[in-house]
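Residue-level listing of the chains:
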Amino acid sequence: MINNEDFTKRLKKVIDYYGESASSFAEKIGVQRSSISHILSGRNKPSLEFVLKVLSSFPEVELYWLMNGKGVFPSEKILEEKTVYQPKIDNSENQELFSKSETEHLPPEISDINQIASNSKKEIDRIVIFYKDGSFSNFEN
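The structure contained in this document is the topic of the report that follows. Here the structure is a predicted model, which is why all the values come from computation and not from measurement.

**Observations concerning the overall build of the protein chain**
A tally of helices and strands in the protein chain yields nine helices and two strands. Reading the protein chain from its N end, one meets helices and strands in the order α-α-α-α-α-α-α-α-α-β-β. With 141 residues in all, the protein chain has 28% of them scored as buried. If you take every contact in the protein chain between residues at least 6 apart in sequence, the share linking residues at least 24 apart comes to 41%. Looking at the protein chain as shown, the accessible area adds up to about 9900 Å², and 50% of this sits on carbon and sulfur atoms.

**Looking at the packing of helix H1 (residues 4-17) against helix H3 (residues 33-41)**
The N-to-C vectors of H1 and H3 enclose an angle of 130 degrees; their axes lie 8 Å apart at closest approach. The orientation of H1 with respect to H3, classified from their angle, is oblique. Residues Phe-7, Thr-8, Leu-11, Lys-12 and Ile-15 of H1 touch H3, and the partners they reach there are Ile-36, Ile-39 and Leu-40. Among the residues forming the contact of H1 with H3, the class breakdown is six nonpolar, one polar and one charged.

**Side note on the nonpolar core**
Counting 19 residues, the largest nonpolar core has Phe-25, Ile-29, Ile-36, Phe-50, Val-61 and Leu-66 as its most contacted members. Among the secondary structure elements, those contributing two or more residues to this core are H1, helix H2 (22-29), H3, helix H4 (48-57) and helix H5 (63-68). Other than its neighbours up to four places away in sequence, Ile-29 contacts Ile-36, Phe-50, Lys-53, Val-54, Ser-57 and Phe-58.

**Let's talk about the pattern of salt bridges**
This structure, assessed with the given rule, holds three salt bridges. Residue Glu-5 is joined to Lys-9 by a salt bridge in which the shortest nitrogen-to-oxygen separation is 3.9 Å. Remark: Lys-9 and Glu-5 occur in helix H1; sequence separation between them is four residues, near one turn of the helix. A single burial state applies to Glu-5 and to Lys-9, both of which are exposed. One salt bridge connects Lys-53 with Glu-49, and the closest N-O pair in it is separated by 3.5 Å. Here Lys-53 and its partner Glu-49 are both found in helix H4, four residues apart, which amounts to about one turn of the helix.

**Concerning unusual backbone geometry**
A cis amide bond links Phe-73 to the next residue, Pro-74, at an omega of -5 degrees. In this fold, Pro-74 is placed in the loop between H5 and helix H6 (76-81).

**Structural notes on the packing of aromatic side chains**
What the rule picks out here adds up to five aromatic pairs. Measuring from ring centre to ring centre gives 4.9 Å for Tyr-17 and Tyr-18, while their planes differ by 90 degrees; the resulting arrangement is edge-to-face. Looking at Tyr-17, the relative accessible area reads 41%, which means it is partly exposed. Put simply, the rings of Tyr-17, Tyr-18, Phe-25, Phe-58, Trp-65 and Phe-73 pair up and form one aromatic cluster.

How each quantity is defined
- Residues numbered from 1 in each chain as written.
- Predicted model: local features only at pLDDT ≥ 70, side-chain atom pairs only at ≥ 80, totals over all residues.
- Heavy atoms only, no water.
- Helix = DSSP H or I, 4+ residues; strand = E, 2+ residues; numbered from the N terminus.
- Buried < 20%, exposed > 50% of the residue type's maximum accessible area, 1.4 Å probe, protein only.
- Contact = heavy atoms within 4.5 Å.
- Areas by Shrake-Rupley, 256 points an atom, 1.4 Å probe, with all protein chains shown as cover.
- Axes fitted to C-alpha atoms, helices over the stretch in contact; angles between N-to-C directions.
- Parallel < 35°, antiparallel > 145°, perpendicular 65-115°, else oblique.
- Nonpolar A, V, L, I, M, F, W, Y, C, P; charged D, E, K, R; others polar.
- Core = buried A, V, L, I, M, F, W, Y, C linked by side-chain atoms within 4.5 Å.
- Salt bridge = Lys/Arg side-chain N within 4 Å of Asp/Glu carboxyl O.
- Phe/Tyr/Trp six-rings, centres within 6.5 Å; stacked < 30°, edge-to-face > 60°.

In structure tokens, the structure reads:
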């Protein structure tokens, strides 16, 4: 059986990790604000539907950790998969934006980004990476 007080602490940790308010967190997972409020206050226990919404909206949260406190948060496996390729900011001529190791597992049309960038007379303003979970990373020069 889940300890409601401990679950609440872990849920607060998730909310804080993402820099969300209870209200914005509720909106992101698709529940009413009162649901979050009641769970955080200890009035209600989380439903299975609530837990599944948290897990689907925030893949770094592991079920076993959220429910029992066993494991790690954020999930190291997910963080490794979401490694973001940060461009080297250097405006010198013929400077590669990404190292070869950073681009070797990308699709062919993306992996030759260094060549695309060096052949263009234009300067890159920003790069946006979209993830399948709907999140994104934005890098500006």
